[in-house]
Amino acid sequence: MFPINRTHPSRLLRGTAALAAAPLLLVACSSTDSTPAPARAADAITIEDQWIKAADSDMSAAFGELTNKGDKALTVVSATSPASARVELHEVVADASGTKTMRPKKGGFVIPAHGSLALAPGADHIMFMGLNGPLRTGSETPVTLSFDDGSTMTFTAQVRDFPGNQENYVPDGDHHAGAPAPAHTPGA
Ligand SMILES: [Cu+2]
């Protein structure tokens, strides 16, 4: 009995040590096998409820909810669409009298990490500055967003009737508060 009692505990210890080492080997293997994929903005961003305002000519705008699944903030720096010769990223600001004016948003649209940005009438929007033809209700138009890391994302938005969004437009975004705004109003 005595010799067995002495050797048995030591065998148990060796067995425990071997089990404890196994997970370390697995971790080492998996970390060498997987190379981290480059995080591209276009892979982290999704858009929902996207739509474009119906218009016969001149100007229109695209809207939707942009969501960022990634771990860092991402920025839309420009946009294009076959529907419009020129596309700008706009914000809407109100002056002291409450008059709303839209203008190019400096720095683009920032979408926070694990957050979202709503593009909506009266807020940030993708502005179509020179329609190539009428945007008919129910038709669909592609829009391509370019991000600050050089990646792009294209979505398709349906054209809808919308009577609002009549803000004035200030092209350079640097106007003085008292200066009269240009006469352009989208869809007016
Ligand atoms: Cu605009």
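Heads up: the structure comes first, above all this text.
Residues numbered from 1 in each chain as written. Predicted model: local features only at pLDDT ≥ 70, side-chain atom pairs only at ≥ 80, totals over all residues. Heavy atoms only, no water.

Caption draft 1: Inspection of the overall build of the protein chain at higher detail. For the protein chain, the count of helices and strands is two helices and eleven strands. Burial statistics for the protein chain: of 188 residues in total, 34% are counted as buried. Taking as baseline every contact in the protein chain between residues at least 6 positions apart, the subset at least 24 positions apart corresponds to 65%. Total accessible area on the protein chain stands at roughly 10900 Å², and carbon and sulfur atoms take up 58% of it. (Helix = DSSP H or I, 4+ residues; strand = E, 2+ residues; numbered from the N terminus. Buried < 20%, exposed > 50% of the residue type's maximum accessible area, 1.4 Å probe, protein only. Contact = heavy atoms within 4.5 Å. Areas by Shrake-Rupley, 256 points an atom, 1.4 Å probe, with all protein chains shown as cover.)

Caption draft 2: Representation of the coordination of the copper ion in the model. Only H90 (ND1), M102 (SD), H125 (NE2) and M127 (SD) from the protein reach the copper ion as donors, at distances of 2.0 to 2.2 Å. Relative to the metal, the four donor atoms surrounding the copper ion lie at angles of 100 to 116°, and the coordination shape comes out tetrahedral. (Donors = N, O, S within 2.8 Å, 3.2 Å for Na, K, Ca; no water. Tetrahedral: all angles 85-135°; square planar, octahedral: opposite > 155°, others 65-115°.)

Caption draft 3: Focus on the nonpolar core. One finds I126, F128, L145 and F147 to be the most contacted residues of the largest nonpolar core, which totals 31 residues. Per-element accounting of this core gives the leading share, four residues, to strand β10 (residues 152-160). In terms of nonpolar packing, the next biggest core, distinct from the first, is built from nine residues, A61, M102, M127 and Y169 among them. (Core = buried A, V, L, I, M, F, W, Y, C linked by side-chain atoms within 4.5 Å.)

Caption draft 4: Layout of the packing of aromatic side chains. Evaluated as defined, the whole model comprises two aromatic pairs. With a centroid separation of 4.6 Å and an interplanar angle of 35°, the aromatic rings of W51 and F63 are classed as tilted. Placement of the pair is W51 in strand β1 (residues 45-53) and F63 in strand β2 (residues 60-68), with a sequence separation of twelve residues. Side by side, W51 and F63 carry an identical accessibility label, which is buried. (Phe/Tyr/Trp six-rings, centres within 6.5 Å; stacked < 30°, edge-to-face > 60°.)

Caption draft 5: Structural detail: the pairing of strand β7 (residues 116-119). Side chains L117 and L119 project from β7 onto a buried face, and the interleaved S116 and A118 project onto a face without burial. Alignment of β2 against β7, held across four bridges, turns out to be antiparallel. Looking at β7, one finds that E65 is bridged to A118. (Pairing = 2+ DSSP bridges.)

Caption draft 6: Local environment of the side chain of H90. Inspection of the secondary structure assignment puts H90 in strand β4 (residues 87-94). Overall, the relative accessible area of 0% leaves H90 in the buried class. A polar atom in the side chain of H90 sits 2.7 Å from the side chain of E88. Each residue touching H90, except ones within four places of it in the same chain, is listed here: M102, R103, P104, K105, F109, A123, D124, H125, M127, M129 and Y169. (Polar contact = N/O pair within 3.5 Å; in protein donor to acceptor, adjacent residues only side chain to side chain.)

Caption draft 7: Structural view of unusual backbone geometry. A positive phi angle, close to 55°, is found at D49, a residue other than glycine. Position of D49 relative to the elements: it lies in strand β1. At D58, a residue that is not glycine, the phi angle is positive and equals roughly 70°. In this fold, D58 is placed in the loop between β1 and β2. Overall, the relative accessible area of 35% leaves D58 in the partly exposed class.

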